[in-house]
Amino acid sequence: MNEHEEYLQEQNDLTKRRLEELEELKAKGANPYAYGFEVDRYSSDIVKSFKDDSPAEEVSVAGRIMSVRRMGKASFCHLQDSKGRIQVYLKRDDLGEVYDMFKLMDIGDFIGVNGFVFRTRTGEVSIHTKRLELLTKSVRPLPIVKEKTDEQGNKTIYDPFSDKELRYRQRYVDLVVNPEVRSAFEKRARVVSTVRRFLDEKGYLEVETPVLQPLYGGASARPFVTHHNALDVDLYLRISDELYLKRLIVGGFEGVYEIGKDFRNEGMDKSHNPEFSMLELYVAFKDYNWMMNLVEELVHSVSMNVTGSPKVKAGDNEIDFTPPWKRITMLDSITEAAGEDLAGKSEVELAALAKKHHVEVDPSMGYGKIIDALFSELVEPNLIQPTFITDYPVEMSPLAKRHRSKLGLVERFELICNGHELANAFSELNDPLDQRSRFEDQARLRARGDEEAMVIDEDFLRALEYGMPPTAGLGIGIDRLTMIMANQPSIRDVIFFPQMKPEK
RNA sequence: GGGGCUGUAGCUCAGUGGUAGAGCAUCUGCCUUUUAAGCAGAGGGUCGUAGGUUCGAUCCCUACCAGCCUCACCA
């Protein structure tokens, strides 16, 4: 048995049948893998612009066959291109031998069609085919999804392609068959392009910094490790861009941003993927108050561009991004939720308060960690409308500048929306001595076994010693922003190829 | 890592301790404006993998693999 025969042997009957058709088509002189086709219109544009009283228009379209209805000497099929679908009418009288070739074509095949636009008796705008070309033969059967639209315009889907494992592993099939998937990713692209345009118009410079780093930093997370053979050194995939972008502020750029992938070696769930996209922005001579205004403007602009409205549906909630948004300090937000004033409370008193509200604490947790636990449990899940939480304990924020008037706090805010963190920002710490002592605190945590504590970056400290101007910094998770804008409950639905265990 | 649910035809799913089922898809026949096309007929399966119990396992048991949900951990 030769290789080709072995391959045939392994295939199921549906694929075998298609491989036979492929040979028959070749025998009839068709090239089942053609080189191109002149397209002049998109399906949905033709349907939209059709007018019954205008003279018949000639069009050329190309796409995949998504349904076929054969009735002896005439057939209908639906052709799907990147904009939608249009019905195609094929008649033996018009096509002759080509009509016999069409009998060898299947759902999934790419065809090119040239003909004139008309409306059928049943009212559907269609193309009356004059010329038909096979562009690509599909030898593996697609899932067949049928839908019916009733008089009220309600769609019923029959036999949906819904197995999540198959959808993620074979996203190409998911995209062909489930139009709403394509639409979510188109929204993702618009999120990114809006952010980029917004920041470019403000005059900030888009830059690229290393993904492979000798030291990782800028966030609390475990990294991926890799190895450079020629240098014989271990390198880390970045967990954030922060320390490199701040070096660029030291170097004299007054506004820099980067949109790129970060990598964190942690668990996965519906809001975490090991690689994810992050926007980071640093602007000289500004502080976190200024940055809050910018974030309001930026996210509002994304919402308008992506959804056409400042109001966005997220599951059962409607989120309104019209500025200004609520701003409240972290302590006040806990005070509000717990109904007890936190001001001046000691660590012991806080721990007692936590127990009272059934928030788990253990003796190893310091003041900052208890505050964080209280916040995560009592406040964060209930924040649906965009809210700035400000002024975090210094222990939680080793790269943020101390608050100008509140002892033990830093000038930091997070934007919480729909119960999740969407952005994180601070007035950047630029005192090299303070930064060194914060790194050293982190090193002590690390020595005690905190694998996520930051490592000391001497080169970054050296840069700060040369002087970094007052700077406001921001990070926004692009995936999570997209989840909200596209109303997708899982990060896997806004990442084309989410991380999966290997297929066995 | 803990708990729950799931894995049967290309897709979506029923089902039973004794020869494996449906709809759609596929194939054959009829049909030149149909549309979840229709009518008549046909083919298609290692029932996730490996063990065990049993005369006999797709079904019961165990382990493993994969997926989803959830909790924990984590930003």
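Reading the values: rules and limits
- Residues numbered from 1 in each chain as written.
- Chains lettered and ligands numbered in written order.
- Predicted model: local features only at pLDDT ≥ 70, side-chain atom pairs only at ≥ 80, totals over all residues.
- Heavy atoms only, no water.
- Near = heavy atom within 4 Å.
- Polar contact = N/O pair within 3.5 Å; in protein donor to acceptor, adjacent residues only side chain to side chain.
- Helix = DSSP H or I, 4+ residues; strand = E, 2+ residues; numbered from the N terminus.
- Nonpolar A, V, L, I, M, F, W, Y, C, P; charged D, E, K, R; others polar.
- Domains from an automatic or database assignment.
- Pairing = 2+ DSSP bridges.
- Axes fitted to C-alpha atoms, helices over the stretch in contact; angles between N-to-C directions.
- Core = buried A, V, L, I, M, F, W, Y, C linked by side-chain atoms within 4.5 Å.
- Buried < 20%, exposed > 50% of the residue type's maximum accessible area, 1.4 Å probe, protein only.
- Contact = heavy atoms within 4.5 Å.

Chemist: Which residues make up the protein's contact with RNA strand B, and what values go with them?
Modeler: Not every one of the 54 residues close to RNA strand B is listed here, only the nearest: Q87, D93, K146, R264 and R492. For RNA strand B, a base oxygen lies 2.6 Å from a polar atom in the side chain of R69. Within the backbone of S220, one N or O atom sits 2.2 Å away from a phosphate oxygen of RNA strand B. Listing elements by their share of the surface near RNA strand B, those giving two or more residues are α2 (13-27), β1 (58-71), β2 (74-81), β3 (84-91), β6 (146-149) and α6 (164-169). Looking at the surface near RNA strand B residue by residue, the class counts come to 16 nonpolar, 10 polar and 28 charged.

Chemist: So what's going on with the domain arrangement of chain A? Residues and values would help.
Modeler: Split into domains, chain A comes out as domain 1 (3-136) and domain 2 (181-325 + 385-493). Its C-alpha centre places domain 1 at a distance of 48 Å from the equivalent point of domain 2.

Chemist: Just give me the short version of the sheet that holds β2, but keep the residues and values in it.
Modeler: One closed barrel holds the 5 strands; their spatial order is β1-β2-β3-β5-β4, and the pairing between them is mixed. The mean angle between the axes of side-by-side strands here comes to 55°, regardless of whether they run parallel or antiparallel. In this sheet, β2 lies alongside β1 in antiparallel orientation, the contact comprising 7 bridges. Paired with V68 across the two strands is C77, which belongs to β2.

Chemist: I'd like a rundown of the nonpolar core, residues and numbers included.
Modeler: Within the largest apolar cluster, 40 residues are counted, with the highest numbers of intra-cluster contacts made by M330, I334, L350, I370, L374, F375 and I389. Where this core is concerned, the elements lending two or more residues are α9 (242-250), β13 (275-284), α11 (330-338), α12 (347-356), α13 (367-379), β17 (387-393), β18 (409-417) and α15 (458-466). Setting aside anything within four residues of it in sequence, one finds L350 in contact with L342, K345, Y367, I370, I371 and L374. In this structure, L281, L298, V312 and L474 belong to the second largest nonpolar core, which totals 39 residues.

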